Amino acid sequence: MKDYIRIHENDNVIVAIKEIAAGETVNAGEVQVTAKETIPAGHKMAVCDIAPGGEVIKYGFRIGNAKEAIAAGAWVHTHNIKTALGDLLEYSYEPTPVQENTTPDATFMGYRRPDGKAGVRNEIWIIPTVGCVNNVATALAKAANGRLKGSVEEVIAFPHPYGCSQMGDDQEHTRTILADLINHPNAGGVLVLGLGCENSNIEVLKPYIGEVNPDRVKFLVCQETEDEMETGADLLDELISYASAFEREKISVSELIIGMKCGGSDGFSGITANPLVGKFSDLLISKKGTTILTEVPEMFGAETLLMNRCENRELFDETVKLINDFKQYFKNNNQTIYENPSPGNKKGGISTLEDKSLGCTQKSGSAPVKGVLAYGQRVEKAGLNLLSAPGNDLVASTALAASGANIVLFTTGRGTPFASPVPTVKISSNSALAGKKKNWIDFNAGVLVEDQDIEKTAQELFDYVVAVASGKKVCSEEAGFHDMAIFKQGVTL
């Protein structure tokens, strides 16, 4: 195992794989560099002198400019590097030729729904229309889990604080996301639980949901029944009976939709976990499957790499709008566009947003961009899709599920126990995290700096995802964790 990695031959920094002690000399290509100070694992060391204002190069691209003169062997981090990014930018479409590969089909054991969609779980979901009935939803789910039968795996309530006292697009987003989840194929049955007086009451929500199978979707307005617990239990029993008839069957992986997200990133994320997910994405797409990349603020600084992989000019224009609309959202709220990375990111070795974004976008692999989705929009095109959503872990992962993701791949260098409405696979960027938090981490990408081949590891990840799609529970499911969050943007009345 090497002590460091130089990601691209043009980089003027290396990344320490393990701590480099002050005075230690490393061979960086054709030159020897002696560390002038201790370089923590995951952090950067200059391999040549960088003048004040000079570009700091990592991944073969600028990740910022030097605040001061940086000597060869110096630690390169937030104290001596700053972002070089601006606000709203003009972009030109410079398409990059992309080789689209085809590999043999594979299958998973999933649930075929009457509408033709494929699910990877057969759960009963309770979706509250408003936060006022959260406790009722939770109590109903807890009681119903003692009455499961057949192939039904769990009854899950998804409490949230929205659905009332919202205005404009904020309310629209809530209605759209709730409707998306109600129609999700991982749910064999759904109880839509309303209060009755909320803005997003059931009658208002129904047009967003569209036509439903009355055996699969039941509605309950708590203010209109004498005992909502008794009535809710009866409706859940009906849903359990309906869903219990579904059995797993062999389905092509071309029908899998996988969301891709990172959080709590460190200096290894862009070297191990994110490139690994990128290889997975390319592999699934080569089998005609679908992946969705989100967290738009963490595309800033690397957006042109995605723009130039857009299949056509129309998609390029949609991606430019995706980026600039999100920047305008920051400006409209008087916030700094580049107030990123987070404290945990910095501690892990990420210094600027460009540094973070160039690592983050590694998850997209090398496939062409086939679709660009608005927040809450369901995926329609196979291949790589870009989704408008913030970087917040719970909000972005819920958005991926709402757009149709059966499973979310979540890379992390710091670790997190959170879940989402669908199985959320935690992929560690380093082996230390995987060893320490075995109850959180499902797959270890840290082996990539321990000389394990990335193609072999990508196949192992693919096989693991197929196993999860076929019923294997991830750590958060084993713990009984299920989370959801909606993008809150507007006024609360």
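Residues numbered from 1 in each chain as written. Predicted model: local features only at pLDDT ≥ 70, side-chain atom pairs only at ≥ 80, totals over all residues. Heavy atoms only, no water.

A. Expanded view of helix α9 (residues 353-360). Burial of α9 is extensive: eight of the eight residues sit out of reach of the surface. Looking only at α9, the buried set comprises L353, E354, D355, K356, S357, L358, G359 and C360. (Buried < 20%, exposed > 50% of the residue type's maximum accessible area, 1.4 Å probe, protein only. Helix = DSSP H or I, 4+ residues; strand = E, 2+ residues; numbered from the N terminus.)

B. Summary view of the pattern of salt bridges. What the rule picks out here adds up to 24 salt bridges. Where E455 meets K279, a salt bridge forms, and the shortest distance between an N and an O atom there is 2.9 Å. Of the two residues, E455 sits in helix α12 (residues 454-469) while K279 sits in helix α5 (residues 273-286), which places them 176 residues apart along the sequence. Given a relative accessible area of 45%, E455 falls into the partly exposed group. Here the salt bridges do not stand alone but share partners, grouping K261, E295, K363 and D393 into one network. (Salt bridge = Lys/Arg side-chain N within 4 Å of Asp/Glu carboxyl O.)

C. Up close: the state of the cysteines. Across all of its chains, the model carries zero disulfides by this definition. Its sulfur unpaired, C197 is 6.4 Å from the next cysteine sulfur, which belongs to C164. Using a relative accessible area of 55% as the deciding quantity, one classes C197 as exposed. With no disulfide partner, C310 has as its closest neighbouring cysteine sulfur the one in C360, 16 Å distant. (Disulfide = S-S within 2.5 Å.)

D. Broad picture of the nonpolar core. Of all hydrophobic cores here, the largest spans 92 residues; its most connected members are F108, I407, L409 and I427. Ranked by residues supplied to this core, first place goes to α12 with eight residues. Ignoring any residue separated from it by four or fewer positions in sequence, one finds I407 in contact with V120, I257, I258, G259, V422, P423, V425, V465, V468 and A469. One finds V130, A144, L195 and L235 within the second-largest nonpolar core, a separate group that totals 25 residues. (Core = buried A, V, L, I, M, F, W, Y, C linked by side-chain atoms within 4.5 Å. Contact = heavy atoms within 4.5 Å.)

E. The packing of α5 against α12, seen in detail. The N-to-C vectors of α5 and α12 enclose an angle of 65 degrees; their axes lie 9 Å apart at closest approach. With respect to α12, the axis of α5 lies roughly perpendicular. The two elements α5 and α12 cross, and the hand of that crossing is right-handed. Where α5 abuts α12, its residues P275, L276, V277, K279, F280, L283 and L284 lie against I454, E455, T457, A458, Q459, L461, F462 and V465. (Axes fitted to C-alpha atoms, helices over the stretch in contact; angles between N-to-C directions. Parallel < 35°, antiparallel > 145°, perpendicular 65-115°, else oblique. Left-handed = near helix turned anticlockwise from the far one by under 90°.)

F. Spatial organisation of the pairing of strand β20 (residues 383-387). Along β20, five of the five residues are buried, which leaves the element largely enclosed by surrounding structure. Where strand β18 (residues 290-293) and β20 come together, four bridges link them in parallel fashion. The partner of I292 across the bridge, within β20, is N385. Relative to β20, strand β19 (residues 369-373) runs parallel, the two sharing four bridges. Note that in β20 the partner of V372 across the bridge is L386. (Pairing = 2+ DSSP bridges.)

G. Spatial organisation of the packing of aromatic side chains. Throughout the structure, instances matching the rule amount to 13 aromatic pairs. Relative to F158, the ring of W125 has its centre 5.2 Å away and its plane inclined at 75 degrees; by these criteria the two rings are edge-to-face. Separated by 33 residues along the polypeptide, W125 in strand β12 (residues 123-128) and F158 in the loop between β13 (155-157) and α2 (168-182) bring together distant segments of the chain. By relative accessible area, W125 is classed as buried at 0%. Residue class for F158 comes out buried when judged on its relative accessible area of 1%. (Phe/Tyr/Trp six-rings, centres within 6.5 Å; stacked < 30°, edge-to-face > 60°.)

H. Layout of a nonpolar patch on the surface. Together, M167, V491 and L493 make up a nonpolar patch on the protein surface, roughly 320 Å² of accessible area in all. Looking at where V491 falls in the secondary structure, it is placed in the segment after α13 (475-478). Under the relative-accessibility criterion, V491 is labelled exposed at 52%. (Patch = residues over 30% accessible without salt bridge, like charges linked within 9 Å, V, L, I, M, F, W, Y side chains within 5 Å. Areas by Shrake-Rupley, 256 points an atom, 1.4 Å probe, with all protein chains shown as cover.)

I. Just unusual backbone geometry, in detail. In this structure, K288 takes a positive phi of about 70 degrees despite not being glycine. Inspection of the secondary structure puts K288 in the loop between α5 and β18. Of the residues examined, K288 reaches a relative accessible area of 56% and is grouped as exposed. Of note in the backbone geometry, E295 takes a positive phi value of approximately 60 degrees without being a glycine. Secondary-structure assignment places E295 in the loop between β18 and α6 (303-307).

J. How the structure looks around empty space enclosed by the protein. The final tally for this structure, using the stated rule, is four cavities of 30 Å³ or more. Its volume calculated, the largest cavity comes out at about 70 Å³. Around the largest cavity, the lining comprises 14 residues; the ones closest to its centre are D266, S269, G270, I350 and G359. Grouping the amino acids of the lining of the largest cavity by side-chain chemistry returns four nonpolar, six polar and four charged. (1 Å grid on protein atoms, 1.4 Å probe; cavity = no way out; pocket = protein on both sides within 12 Å on 5 of 7 lines; lining within 4 Å. Points joined across faces, edges and corners; volume = space filled by probe spheres on them. Nonpolar A, V, L, I, M, F, W, Y, C, P; charged D, E, K, R; others polar.)

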